[in-house]
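Breakdown of the fold
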Amino acid sequence: MTSTPLPSSPSGLDPEIAARLKRSADGLVPAIAQQYDTGEVLMLGWMDDEALHRTLTTGRCTYWSRSRREYWVKGDTSGHFQWVRSVALDCDADTLLVRVDQVGAACHTGARTCFDADVLLKDGGGGSGTAAADQ
């Protein structure tokens, strides 16, 4: 993974929250977007401190685009908004779960979710049944 430098300006994120985050070498935290009422996993984006601050204070998901090297607010160009209902930090403090009310498609391909097109295993079929024992 190549390093993508983030903006060097200070963030408005609460210092107590910032101190808890475990970031990648690029200064990013993965953010899983999930439909708040159905539990449907919609997409994965990346947030730095400023993107998280904007998400927490505006009620709309803001992500850091690793390819464009800029912030983007979900829905500004597509009209497919993510209205934030809650934000949680996982037990390791290295992943965010953003529960949203998704309007329209979440995936950049126009699909509702980024996880429908390439299903590798469905309904637990095809396995040896030893996965639970391996954990």
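Please read all numbers here as calculations on a predicted model, not as lab measurements. (Residues numbered from 1 in each chain as written. Predicted model: local features only at pLDDT ≥ 70, side-chain atom pairs only at ≥ 80, totals over all residues. Heavy atoms only, no water.)

**So, the overall build of the chain**
Keep this limit in mind: Secondary structure follows DSSP: runs of H or I at least 4 residues long count as helices, runs of E at least 2 residues long count as strands, and numbering of each begins at the N terminus. Three exposure classes are used, based on accessible area relative to the maximum for each residue type with a 1.4 Å probe and protein chains only: buried under 20%, partly exposed in between, and exposed over 50%. By the convention used here, residues are in contact when the closest approach between their heavy atoms is within 4.5 Å. The Shrake-Rupley method, run with a 1.4 Å probe sphere, supplies the accessible areas, and residue values consider only the shown protein chains as cover.
A tally of helices and strands in the chain yields three helices and six strands. Secondary structure elements of the chain occur, N-terminal to C-terminal, as α-β-β-α-β-β-β-β-α. When the 135 residues of the chain are sorted by exposure, 32% land in the buried category. Considering only contacts within the chain whose residues lie at least 6 apart along the sequence, 47% involve residues at least 24 apart. Carbon together with sulfur atoms contributes 52% to the accessible area of the chain, which is approximately 8300 Å² in total.

**Structural notes on unusual backbone geometry**
You will see that Ala93, though not glycine, has its phi angle at about 65°, which is positive. By secondary structure assignment, the location of Ala93 is in the loop between strand E5 (82–89) and strand E6 (96–102). Even without a glycine there, the phi angle at Asp123 is positive, about 55°. Its location among the elements puts Asp123 in the loop between E6 and helix H3 (131–134). Note on Asp123: relative accessible area 76%, which makes it exposed.

**Regarding the pairing of E6**
Going by this rule: In this description, strands pair whenever DSSP reports at least two bridges between them.
Residues of E6 alternate between two faces, with Leu96, Val98, Val100 and Gln102 buried on one and Leu97, Arg99 and Asp101 left unburied on the opposite face. Bridging between strand E1 (residues 29–35) and E6 involves five bridges; their strand directions are parallel. Within the sheet, the bridge partner assigned to Ala31 lies in E6 and is Leu96. Relative to E6, E5 runs antiparallel, the two being bridged by seven bridges. When the bridges of E6 are listed, Ser86 appears paired with Arg99. Turn length for the E5-E6 hairpin, with the two strands adjacent in sequence and antiparallel, is six residues, and the turn residue Ala93 shows positive phi of about 65°.

**What to know about the UniProt feature "binding site: Zn(2+)" (unreviewed entry) in the chain**
Worth spelling out the cut-off: UniProt positions are given in the numbering used here, feature names are shortened, and annotations may be inferred rather than shown by experiment. Points on a 1 Å grid over protein atoms alone make up a cavity when a 1.4 Å probe fits among them but cannot get out, and a pocket when they form an open set with protein on both sides within 12 Å along at least five of seven lines; lining residues each have an atom within 4 Å of a point.
Feature annotation in UniProt places "binding site: Zn(2+)" (unreviewed entry) on Cys91, Cys107 and Cys114, given in this structure's numbering. The subset of the named residues that lines the largest pocket consists of Cys107 and Cys114. With respect to the secondary-structure elements, Cys107 resides in the loop between E6 and H3. For Cys107, a relative accessible area of 9% translates into the label buried. In this structure Cys107 touches Lys74, Arg112, Thr113 and Cys114, once residues within four positions along its chain are discounted. Its location among the elements puts Cys114 in the loop between E6 and H3.

**Quick word on the sheet that holds E1**
So the rule is basically this: Geometry is summarised by axes, namely lines fitted to C-alpha atoms with helices restricted to the contacting stretch, and by angles between N-to-C directions that run from 0 to 180 degrees.
The mixed open sheet is built from four strands, whose spatial order is E2-E1-E6-E5. The open sheet has two free edges, formed respectively by strand E2 (41–47) and E5, since each of these has just one partner strand. On average, adjacent strands in this sheet sit at an angle of 25° to one another, irrespective of strand direction.

**Quick word on the pattern of salt bridges**
The test is simple: Every case where a carboxyl oxygen of Asp or Glu lies within 4 Å of a side-chain nitrogen of Lys or Arg is listed as a salt bridge.
Enumeration according to the criterion identifies five salt bridges in this entry. One salt bridge connects Asp49 with Arg23, and the closest N-O pair in it is separated by 2.8 Å. One end of the pair, Asp49, is in helix H2 (residues 49–58); the other, Arg23, is in the loop between helix H1 (15–20) and E1, and 26 residues separate them in sequence. Looking at Asp49, the relative accessible area reads 18%, which means it is buried. The exposure class assigned to Arg23 is partly exposed, which follows from its relative accessible area of 33%.

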